[in-house]
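Chain and residue survey
Okay, here's what each chain looks like letter by letter:
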Amino acid sequence: MHETVEDLATLQQLLDRSFADAGTHLLRILTPERRLTAEQVAERLTGVCLLALATVTADGRPIVGPVDGIFFRGAFHFGSAPDSVRFRHIRARPQVSATHLPGEELAVTVHGRAVPVDVQSPEDADFRRTLLDIYTPRYGEDWGEKFLDSGPVYARIEAERMFTFHMPE
């Protein structure tokens with residue numbers, strides 16, 4: 001868990017605001033006992049969280065594709081190649097939606113804007129360290145030099161709405 005007390009407070013405000021504005025149908029499904037608190041979200045979203053990420057084409061069509069999601073400081077982050085269709089869409093239209101859905105028991109959905117993250121900048125050094133901590137054990141000690149330093153781009157989803165669902169056992 002990488003979240004500070006302030007990150008968790010901000011995340012909780014987002015969750016509360018999102019549920020307060022939710023429609024009747026959604027609230028019938030996302031009952032209070034099925035929601036997660038900010039702290040519970042941060043505890044569950046560690047390591048790589050596969051996301052179905054939707055971007056928007058120039059003519060308004062959504063396109064969904066999988067990305068590795070990294071939940072860091074209360075927000076989903078993801079990367080791809082700078083010349084990917086995904087990032088071409090984001091540069092022109094930053095609105096995105098994403099869902100982490102590992103199974104029937106958990107879902108986290110976020111709607112917002114993708115904001116660039118520069119893993120080479122000192123301001124994003126903690127996020128870079130998190131990426132290295134996650135991927136180096138999987139891909140080897142030179143992963144950072146071979147991959148991270150060779151051109152992928154990253155973005156953070158600045159959430160406007162976030163919904164959680166957890167089915168208690």
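Residues numbered from 1 in each chain as written. Predicted model: local features only at pLDDT ≥ 70, side-chain atom pairs only at ≥ 80, totals over all residues. Heavy atoms only, no water.

The helix and strand tally for the protein chain stands at six helices and six strands. Mapped from its N terminus to its C terminus, the protein chain presents α and β elements in the order α-α-α-β-β-β-α-β-β-α-α-β. Relative to the compact-globule value of 15 Å for 169 residues, the protein chain shows a C-alpha radius of gyration of 16 Å, a close match. Projected onto its principal axes, the C-alpha positions of the protein chain cover 50 × 40 × 30 Å. Out of the 169 residues in the protein chain, the part that is buried amounts to 43%. Of the contacts made within the protein chain by residues no fewer than 6 positions apart, 66% connect residues no fewer than 24 positions apart. (Helix = DSSP H or I, 4+ residues; strand = E, 2+ residues; numbered from the N terminus. Rg over C-alpha atoms; globule rule 2.2 N^0.38 Å. Buried < 20%, exposed > 50% of the residue type's maximum accessible area, 1.4 Å probe, protein only. Contact = heavy atoms within 4.5 Å.)

Within the element layout of this structure, Thr109 appears in strand 5 (residues 106-117). In terms of polar contacts, Thr109 uses its side chain to reach the side chain of Thr99, at 3.0 Å. Filtering out sequence-adjacent residues up to four positions away, Thr109 remains in contact with Ala98, Thr99, Arg161, Met162 and Phe163. (Polar contact = N/O pair within 3.5 Å; in protein donor to acceptor, adjacent residues only side chain to side chain.)

Attention now moves to the sheet that holds strand 3 (residues 75-80). The strand order 1-2-3-6-5-4 describes a closed barrel built from six strands, whose pairing is antiparallel. Across the sheet, the axes of successive neighbouring strands diverge by a mean angle of 40 degrees, strand direction being ignored. The pairing of strand 2 (residues 62-72) with strand 3 spans three bridges and is antiparallel. Bridge pairing links Phe72 to Ala75 in strand 3. Running at roughly 55 degrees to strand 6 (residues 153-166), helix 1 (residues 5-20) makes contact with strand 2 and strand 6 of the sheet. (Pairing = 2+ DSSP bridges. Axes fitted to C-alpha atoms, helices over the stretch in contact; angles between N-to-C directions.)

This part is about the nonpolar core. Looking at soluble globular proteins, one finds that nonpolar side chains tend to be buried together. Judged by nonpolar contacts, the single largest core of 27 residues is most densely connected at Leu11, Phe71, Phe76, Phe78, Ile157 and Met162. With sequence-adjacent residues up to four places away left out, Met162 is seen in contact with Leu11, Leu14, Leu15, Ser18, Phe19, Phe71, Val108, Thr109 and Val110. Counting 12 residues, the second-largest nonpolar core is a separate cluster that includes Phe72, Val117, Ile134 and Tyr135. (Core = buried A, V, L, I, M, F, W, Y, C linked by side-chain atoms within 4.5 Å.)

On to the environment of Thr136, then. Mapped onto the secondary structure, Thr136 falls in helix 5 (residues 125-139). A relative accessible area of 14% places Thr136 in the buried class. Note: C-alpha distance between Thr136 and Tyr154 (18 residues apart in sequence) is 17 Å. Contacts of Thr136, omitting those with residues within four sequence positions, involve Leu131, Glu141 and Trp143. Polar contacts involving the side chain of Thr136 include one to the main-chain carbonyl oxygen of Leu132, which spans 2.8 Å.

Our next topic: helix 4 (residues 85-92). Listing the buried residues of helix 4 in full gives Arg86, Phe87, His89 and Ile90. End-on view of helix 4: buried residues confined to an arc of 155 degrees, all on one side of the axis. In helix 4, the exposed positions angled more than 90 degrees off the buried face are occupied by Arg91 and Ala92. Against strand 1 (48-56), strand 2, strand 3, strand 4 (95-103), strand 5 and strand 6 lie the buried residues of helix 4. (Arc of directions from axis to C-beta.)

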